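# Summary of the model geometry
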Amino acid sequence: MKNHSLGTAGRFRRSRSLGRTWENMIPKLLLACALISVFTTLGIIGTLISETTSFFSQVSFGEFFTETKWTALFHESQQHFGVWPLIAGTLLVTGIAAIVAVPIGLASAIYLSEYANPKVSKVLKPILEVLAGVPTIVYGFFALTFVTPLLRGLLPEMGVFNALSAGIVVGIMIIPLIASLSEDAMSAVPKNIREAAYAMGCTKFEVALKVVVPAALSGIIASFVLGLSRAIGETMIVTIAAGSTPQLTLDPTESVQTMTSFIVQAATGDNSFGSTAYGAIYAVGMTLFLFTLVMNLLAQYISRRFKEEY
Amino acid sequence: MSAEEVVIHHQEGESGSPTLSLVEKRERSHFGFRRWKNRLAHGLFLISTMIGVIVLGALLWNVVKDGWAWVTPTFFNNFASRLPEQAGIKAAFWGTIWVIGLTVPLTFIFGVGTAIYLEEYARKNRFTRFIQLNISNLAGVPSIVFGILGLTLFVRLMGLGKTVLAGSLTMTLLVLPIVIVAAREAISSVPNNLRLASLAMGATQWQTIRRVVLPYSMPGILTGVILALSRAIGETAPLIMIGAVSFIAFTPGYALDAFTVMPIQIYSWVSLPQPAFQHLAAAGILVLLAMLLSMNAFAVFLRNRFSKDK
Amino acid sequence: MSQATMTRNAIQIKDLDLYYGEKQALKKINMSIEEKTVVALIGPSGCGKSTFLRTLNRMNDMIPGVRIDGTITMHDEDIYNKEIDVEMLRKEVGMVFQAPNPFPKSIYDNVAYGPRVHGQRNRKILDEIVERSLRQAALWEEVKDRLKDRATGLSGGQQQRLCIARTLAVEPEIVLMDEPTSALDPISTAKIEELIQELKQKYTIIIVTHNMQQAARISDRTAFFLNGELVEEDKTERLFSNPKDQRTEDYITGRFG
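The model shown is predicted, which means the values in this text are computed figures rather than measured ones. (Residues numbered from 1 in each chain as written. Chains lettered and ligands numbered in written order. Predicted model: local features only at pLDDT ≥ 70, side-chain atom pairs only at ≥ 80, totals over all residues. Heavy atoms only, no water.)

Attention shifts here to the overall build of chain B. Per the secondary structure count, chain B includes 13 helices and zero strands. Scanning chain B from its N terminus toward the C terminus, one meets helices and strands in the order α-α-α-α-α-α-α-α-α-α-α-α-α. For chain B, buried positions account for 54% of its 310 residues. In chain B, the share of contacts with a sequence separation of at least 24, taken over all contacts with a separation of at least 6, comes to 71%. When the accessible surface of chain B is totalled, it reaches about 13700 Å², and 65% of it is carbon and sulfur. (Helix = DSSP H or I, 4+ residues; strand = E, 2+ residues; numbered from the N terminus. Buried < 20%, exposed > 50% of the residue type's maximum accessible area, 1.4 Å probe, protein only. Contact = heavy atoms within 4.5 Å. Areas by Shrake-Rupley, 256 points an atom, 1.4 Å probe, with all protein chains shown as cover.)

Right, dumping it as structure tokens:
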């Protein structure tokens, strides 16, 4: 800044007291708190990488990504580590969830943002919030004891454990997420754009479909991606309702195993640490982590990159 | 309506004859059909939104129907048992209390500390943006991956074993992003002129934070903490991963005891084939939902109680 | 600038420059402010008068990218010296803001805030400080029966007097006021102006105002700022009746601003 050569009368000075030291310590302590989240990420990536590496020293990369049989928890002589059945199971459940959640979530968002009067949304929004707060174990119970019997009434040949029931309930679970994020995006569309459309004689439906939804599209798509990422990582519903049969199928009435439910099954079994089956937890965990990470980054990219400047 | 229609005609280039009555204009345009479409869409959107409400109703009815009769004093006073009539949630209930009891202070300190750092101290540079990006990505990591981290880091590497402490630490990392986001929002809502007033009187930055910023933002922070806790109470997968077991016949006495929690107890009952255990699971869910509901009611109470004062 | 009188200077500003990044907001300001006077800073908005006011208690420090050259001397010390404790400086140089900004705490806790921050915990002394400060701010009679009430429940004018009381509670020597009446109704404004006249017995007051009548009514000296420069500074009557600079004359006769 500049030179200071004035006297030191000391009127505005305070000895370097304890309070001063404390004051200087605080930002450092708080920074340490903020770094916990960074270390959490590093910890996740670190453990996954190190254990996955040792897994791949026992199982070849090629086997993991090309074989179509997953029998990690069988006796060693019969073990196969082709991850595709788990990925297929995950995508099947997620696909069913998307078929349920995307239209219903979007329609709910349009209703709440464009049609509902404030009184109605004051009732409906908290209900959606409650729905979002229901623990997944409860959804799992609901899938197994309510949705599955209902579906088996319609499709009697379907087994107790099936991808359909789990997928539907996972879809229900992510409806609130998609609805509320999409609604946020639509509420951010300025009123004057809507009014311009109304002034041209558009009906509410036309305004919603041709003006509001396109204007909020990036936020809406980001909400879909986030919702599906949540579906991929969902564990308890699929563990309870989808069964534990790793198989490469697109038949929703079949029992499947997802990446998450395999991890639970392997962790609750009596696999000793260091065994290949145990290592499979990390390899599958890594695959799952990468899936969701890519989707989350994609969602952030979409909502940032295509953010409309109103 | 009429103004809209006239404009539509302009658009369609049909308004050459000014002698048309409005009714005639209406018939000429497709307005009738468009309005019908609007009504239909309105109905569909409403039905979609109601699906959430209906599902919530079905879910609650399903749980109450199955579990209500089983919520008895025995249920609270007994440990898990092979005999459904004698089984209870004592160990799980107190395990949940223990885990939450340890998670609350940890999340509060680390979460609010991070939020204060980011809002009040951090410079707006790349490092700060990196921390923020990292936190929003962590929020999207599947909870089971946190379980893998907890298993590797706390249970094995740090040698905490399958204990309450390991469970609480895992939970803390899991819900930290929720608390950070809520606390940051609350802190950034503090009017800046209050900070300036405090600093202008010669208060230090930390004094300003402690005496002005935190009291003002506390309701928002507490709401966020409660939100995070209701997430933690319902989480099952990460605690399954770190090895919380369900057949425990004691309540934790200190932080390094083995434990189980309500969702895990419910899960283990759900997985048993005998119908009686499904009733126990439903009863457990009722208790879990009651805990969640009272916590959320408390959050609403806090919000209303303190928002009046501003 | 007459230095002939025997009164001491509270503040001496020499060659003060201030930059917001690349933009220079204050240019070579030189000014002396005598103790126990009221100095009004006037000028069109954006002229730098508020920025100048905030250099005196270093409130500009918090804005990223601000750079300052020159010296501001109080009690023989350059307040921009690295050794200076900003908190101690601000204790001596209090500030009242444009809009009343009481804390959402009780009236008592608002006034006791400063003393508490500076380490005063004795309840009896705090009581005395609160009463004295509220009396000085001409608010005591109105609030003495409801010191525990929330300060945010007071009227705007009362809130601003409370903020003045809060500032006085740490016994500053200098009180900076940044358009303190701009958010208030005429009656409250009159009360604050009256109060300022009282306060100059004990304090040096530097007040930014956009209202020339107010400057003429309450100040001993007036400084006219334009585009970051101090155009003219003089006894208030002289500046308004017989300005030396054409720009000052244009401004006070309402030709711009």
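Residues and elements named next belong to chain C. If you check helix α4 (residues 123–136), its first and last C-alpha atoms are 20 Å apart, about what 14 residues at 1.5 Å a residue would give, namely 20 Å. L126, I129, V130, S133, L134 and Q136 are the residues of α4 that are buried. In an axial view of α4, the angular spread of the buried residues amounts to 155 degrees, which keeps them on one side of the axis. Turned more than 90 degrees away from the buried face of α4 sit K124 and E128, all of them exposed. Buried residues belonging to α4 abut α3 (107–117), α5 (140–143), α6 (156–168) and α7 (186–199). By the N-cap criterion, in which a side-chain oxygen at the helix start approaches the backbone nitrogen of a residue two or three places on, α4 is capped by N122, the distance to K124 being 2.8 Å. Positive phi shows up at A138, right after α4, with a value of about 55 degrees. (Expected span 1.5 Å × (residues − 1). Arc of directions from axis to C-beta. Polar contact = N/O pair within 3.5 Å; in protein donor to acceptor, adjacent residues only side chain to side chain.)

Helix packing for two helices is described by the angle between their axes and how far apart those axes are. Residues and elements named next belong to chain B. Relative orientation of the contacting elements helix α9 (residues 192–200) and helix α10 (residues 205–234) amounts to 145 degrees, with a least axis distance of 9 Å. α10 is crossed by α9, and the crossing has right-handed handedness. Residues L194, R195, S198 and L199 of α9 lie in contact with α10, whose contacting residues are Q205, T208, V212, V213 and Y216. Looking at the contact of α9 with α10, its residues break down into five nonpolar, three polar and one charged. (Axes fitted to C-alpha atoms, helices over the stretch in contact; angles between N-to-C directions. Left-handed = near helix turned anticlockwise from the far one by under 90°. Nonpolar A, V, L, I, M, F, W, Y, C, P; charged D, E, K, R; others polar.)

Turning next to the environment of A:L177. All names here are of chain A. Within the element layout of this structure, L177 appears in helix α6 (residues 163–187). Sequence separation of L177 and G159 is 18 residues, and the distance between their C-alpha atoms is 30 Å. Apart from the residues within four sequence positions on either side, L177 is in contact with L226, G227 and R230.

Below, the discussion takes up the UniProt feature "transmembrane region" (unreviewed entry) in chain B. Residues and elements named next belong to chain B. As annotated by UniProt and renumbered to match this structure, "transmembrane region" (unreviewed entry) occupies residues 44–64, 91–118, 138–158, 164–183, 237–256 and 276–302. As annotated, residues 91–118 comprises 100% helix and 0% strand, and the C-alpha atoms at either end are separated by 39 Å. The span residues 138–158 is 76% helix and 0% strand, and its two end C-alpha atoms sit 22 Å from each other. (UniProt positions renumbered as here; feature names shortened; annotations may be inferred.)

This brings us to the interface of chain B and chain A. Contacts between the two partners involve 74 residues from chain B and, on the opposite side, 77 residues from chain A. At the junction of chain B with chain A, the criterion picks out two salt bridges. Of the charged contacts in the structure, one is a salt bridge between B:R34 and A:E206, with a shortest N-O distance of 2.6 Å. At the boundary of chain B with chain A, the tally comes to 17 residue pairs in polar contact (both at pLDDT 80 or more). (Salt bridge = Lys/Arg side-chain N within 4 Å of Asp/Glu carboxyl O.)

Residue and element names in this part refer to chain B. Confidence along chain B averages 85 in pLDDT terms, with 87% of residues attaining 70 or more. Model confidence for chain B, summarised as mean pLDDT per element, is weakest for helix α1 (residues 2–12) at 44 and strongest for helix α8 (residues 164–188) at 95. Per the prediction output, this complex has pTM 0.87; the corresponding ipTM is 0.90. (pLDDT = per-residue confidence, 0-100.)

This paragraph deals with the pairing of strand β8 (residues 204–208) of chain C. Residues and elements named next belong to chain C. For β8, a buried count of five out of five residues is recorded, marking the element as mostly surrounded by other parts of the structure. The side-chain alternation of β8 yields two buried faces, one formed by T204, I206 and V208 and the other by I205 and I207. Where strand β3 (residues 38–42) lies against β8, four bridges are found, and the strand directions are parallel. Opposite L41, over in β8, you have V208 as the bridge partner. When strand β7 (residues 174–178) meets β8, the two strands line up parallel, connected through five bridges. Bridge pairing links L176 to I206 in β8. A crossover connection joins β7 to the parallel β8 through α7; in handedness this β-α-β unit is right-handed. (Pairing = 2+ DSSP bridges. Right-handed = clockwise from strand over helix to strand, strands pointing away.)

All right, on to the domain arrangement of chain A then. Residues and elements named next belong to chain A. For chain A, the assigned domains read domain 1 (2–57) and domain 2 (76–305). Summarising the inter-unit geometry, the C-alpha centres of domain 1 and domain 2 are found 39 Å apart. Taken together, the contact pairs eight residues of domain 1 with ten residues of domain 2. Buried surface at the junction of domain 1 and domain 2, both sides included, amounts to about 770 Å², of which 88% is carbon and sulfur. Considering only the surface of domain 1 that becomes buried against domain 2, L48, E51 and F55 emerge as the three largest contributors, covering 67% of it. Taken together, the connections running from domain 1 to domain 2 amount to zero salt bridges. The interface formed by domain 1 and domain 2 contains one residue pair in polar contact (both at pLDDT 80 or more). When the residues that make up the side of domain 1 that touches domain 2 are grouped by side-chain class, the tally is five nonpolar, two polar and one charged. (Domains from an automatic or database assignment. Buried area = accessible area lost by both parts, 1.4 Å probe.)

Residues and elements named next belong to chain C. Backbone geometry places K28, a non-glycine residue, at a positive phi of 45 degrees. Along the polypeptide, K28 turns up in strand β2 (residues 23–34). Residue R58 is not a glycine yet carries a positive backbone phi of 55 degrees. Turning to its location among the elements, R58 is positioned in the loop between α1 (49–55) and β4 (66–74).

We now examine the packing of aromatic side chains. Counting across every chain of the model gives 24 aromatic pairs over all chains. Between C:F52 and C:F225, the aromatic rings sit 5.2 Å apart at their centres with planes inclined by 40 degrees, giving tilted as the arrangement. Of this pair, C:F52 sits in helix α1 while C:F225 sits in strand β9 (residues 221–226), and the two are 173 residues apart along the sequence. Classification of C:F225 by relative accessible area gives buried; the value is 0%. Counting every residue linked through ring pairs, the aromatic cluster contains A:F55, A:F56, A:F61, A:F64, A:F65, A:W70, A:F81 and A:F262. Positioned above the aromatic ring of C:Y19 is the side chain of C:R67, whose terminal nitrogen or guanidinium carbon lies 4.3 Å from the ring centre. (Phe/Tyr/Trp six-rings, centres within 6.5 Å; stacked < 30°, edge-to-face > 60°. Lys NZ or Arg CZ within 6 Å of the ring centre and 35° of its normal.)

This paragraph deals with the UniProt feature "domain: ABC transmembrane type-1" (unreviewed entry) in chain A. The feature "domain: ABC transmembrane type-1" (unreviewed entry), as given by UniProt, occupies residues 87–299 of chain A in the numbering adopted here. Between the C-alpha atoms that bound residues 87–299 of chain A the distance is 21 Å, and the span itself is 78% helix and 0% strand.

Now for the nonpolar core. Grouped together as the largest cluster of nonpolar side chains are 237 residues, with contacts concentrated most on A:W70, C:I11, C:I13, C:L41, C:F52 and C:M74. At 17 residues, helix α3 (residues 84–115) of chain A tops the list of elements feeding residues into this core. Each of domain 1 (2–57) and domain 2 (76–305) of chain A gives at least three residues to this core. Apart from residues lying up to four places away in sequence, C:M74 is in contact with A:F12, C:A10, C:I11, C:L56, C:I79, C:L89, C:V93 and C:I174. C:L126, C:L147, C:A165 and C:I196 belong to the second-largest nonpolar core, a separate cluster that totals 43 residues. (Core = buried A, V, L, I, M, F, W, Y, C linked by side-chain atoms within 4.5 Å.)

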